[in-house]
Amino acid sequence: MRSTGFRRTFVALSVCSLALAASACGSGDDSASGKTRITVNCEPPKSAKVDRGFFEQDIAAFEKKNADIDVVAHDAFPCQDPKTFDAKLAGGQMEDVFYTYFTDVKHVVDTGQAADLTSYVKELKSYDTIQQQLRDIYTVDGKIYGIPRTGYSMGLIYNKQLFQKAGLDPEKPPATWEEVRADAKKIAALGNGTVGYADYSAQNQGGWHFTAELYSQGGDVVSTDGKKATIDTPEGHAVLQNLHDMRWTDNSMGSKQLLVINDVQQLMGSGKLGMYLSAPDNIPILVKEKGGNYNDLAIAPMPGGKGTLIGGDGYMFNKKDTPAQIRAGLKWLDHMFLTPGKGFLGDYARAKKNNAPVGLPEPRLFTGAADAKDQEAKKANANVPVENYQSFLDGNHSLQLKIEPPNAQQIYSVLDGAVSAVLTKKDADIDQLLKDASGKIDNILVRS
């Protein structure tokens, strides 16, 4: 799953424009003009005026610097729609440079639609500065098929003001699930519709959070060889038992269940929720769209202390691309996303000037000198209370960073059922729920 979106505040998807509907989205070299023409996606839609403007500015600057390259950007919402992605992929309709989630990589490679970039990445100036664990996500059987662009990791967003009202120390967020439960109970005791802890349980989002909570306790959803479910374990039982107990014994999760991300964000933004799991990119949404206040919102590392779910995105290249298009696409990625302190995601001075949040504790994309330069530019332009995120940054260093399981969306759909059951049925049989879910996941893995 993606946490929220584009530039961590908005997401957009490309689809072929009507003018290209009768042909592939891949454009081919424009030999008549003497330019190399590339199509790219994930341009913010016109409704996201600020981000759209930034994107267009950066493409114009790139084309001015590279007069032999013509960039054609496609937009829509979101950057990747599961309803159309596989159809475009199977039909060979992807752009020359196309957006993917981390969990897409093997699937795209297995369909034979991705260009092998191995011999070209040496031309990507930034490649060696990118975190190795992120580069590895786009490496399959020793070959490089894509370039990471952003990453996120899950943590615990909490309301400092509610912590204080409940007699809790807002500078000492809960570090274990036992502490989460205890703090949630005290927050819920404030009354007036206040919820201590909320969780998703529908639209595959419950399965996504089950996975994150399982990772936090040291468990896994799928075996290392990818062939068997590994949720029917003490760790998996602990996840469901904790949710059940907070919901039914403590009454700290509220009576309304089957929540999805927007429901929970509305609760947090309105000041009626103490805690929920998410990534830092939720914070500006809580402020700009849901009525929250930056000063009240903080984020701590995942409770449990053993692991956290990470995700993110990057770009892959169409197998039909010519060598010139691959080289042009790599240059474009360097310019747009992978130069510290510059480009669409890195120009912090421009973001600050346009009142976009700067200083959120996103996982670091770069290493070494590139990372230092990026962090220096971010710090110089920070316009959010960075002290509210320090425990998240400090705590992540000791956590195992784990990507989503294979066949994630199908598996999350199964796990939704288990999570929703314990939150809506007081007498839910946790052992049976885990057993049934394991069998269904095994079947998914066998077919994949």
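Here the structure is shown first, and the text comes after it.
A few points on the structure. This structure is a prediction, so every number in the text was calculated from the model and none was measured. (Residues numbered from 1 in each chain as written. Predicted model: local features only at pLDDT ≥ 70, side-chain atom pairs only at ≥ 80, totals over all residues. Heavy atoms only, no water.)

**Focus: the pairing of strand E2 (residues 69-75)**
Taken together, the six bridges between strand E1 (residues 36-43) and E2 define a ladder with parallel strand orientation. Bridged to Thr36 within E2 is Ile69. Taking the sense of rotation as the criterion, the β-α-β connection linking E1, helix H1 (residues 49-65) and E2 turns out right-handed. (Pairing = 2+ DSSP bridges. Helix = DSSP H or I, 4+ residues; strand = E, 2+ residues; numbered from the N terminus. Right-handed = clockwise from strand over helix to strand, strands pointing away.)

**Brief notes about the packing of helix H16 (residues 408-424) against helix H17 (residues 430-447)**
Relative to each other, H16 and H17 sit at 170 degrees, their axes nearing to 9 Å. With respect to their mutual orientation, H16 and H17 come out roughly antiparallel. Taking contact as the criterion, the partners of Gln410, Ile411, Val414, Leu415, Ala418, Ala421 and Val422 in H16 are, on H17, Ile430, Leu433, Ala437, Lys440, Ile441, Ile444, Leu445 and Arg447. Of the residues assigned to the contact of H16 with H17, the class counts are twelve nonpolar, one polar and two charged. (Axes fitted to C-alpha atoms, helices over the stretch in contact; angles between N-to-C directions. Parallel < 35°, antiparallel > 145°, perpendicular 65-115°, else oblique. Contact = heavy atoms within 4.5 Å. Nonpolar A, V, L, I, M, F, W, Y, C, P; charged D, E, K, R; others polar.)

**Describing a positive patch on the surface**
There is a patch of like positive charges on the surface, built from Lys65, Lys125, Lys331, Lys342 and Lys373. The residue Lys342 is located in the loop between helix H11 (323-336) and helix H12 (343-346) in this model. Under the relative-accessibility criterion, Lys342 is labelled exposed at 51%. (Patch = residues over 30% accessible without salt bridge, like charges linked within 9 Å, V, L, I, M, F, W, Y side chains within 5 Å. Areas by Shrake-Rupley, 256 points an atom, 1.4 Å probe, with all protein chains shown as cover. Salt bridge = Lys/Arg side-chain N within 4 Å of Asp/Glu carboxyl O. Lys, Arg positive; Asp, Glu negative; His and termini not counted. Charge placed at Lys NZ, Arg CZ, Asp CG, Glu CD. Buried < 20%, exposed > 50% of the residue type's maximum accessible area, 1.4 Å probe, protein only.)

**Some remarks on the layout of surface pockets**
Size it by volume and the second largest pocket reaches roughly 680 Å³. Residue assignment for the lining of the second largest pocket shows that the elements contributing at least two residues are helix H4 (132-137), strand E6 (146-153), strand E11 (307-317), helix H14 (368-380) and helix H15 (390-396). A per-element tally of the lining of the second largest pocket places H15 first, with five residues. (1 Å grid on protein atoms, 1.4 Å probe; cavity = no way out; pocket = protein on both sides within 12 Å on 5 of 7 lines; lining within 4 Å. Points joined across faces, edges and corners; volume = space filled by probe spheres on them.)

**A short note on the packing of H1 against H11**
Packing of H1 against H11 brings their axes to within 10 Å, and their N-to-C directions diverge by 125 degrees. Taken together, the axes of H1 and H11 are oblique relative to one another. The handedness of the crossing between H1 and H11 comes out as right-handed. Contacts from Phe55, Asp58, Ile59, Ala61 and Phe62 in H1 reach Ala328, Lys331, Trp332, His335 and Met336 in H11. Its residues assigned to classes, the contact of H1 with H11 comprises seven nonpolar, one polar and two charged. (Left-handed = near helix turned anticlockwise from the far one by under 90°.)

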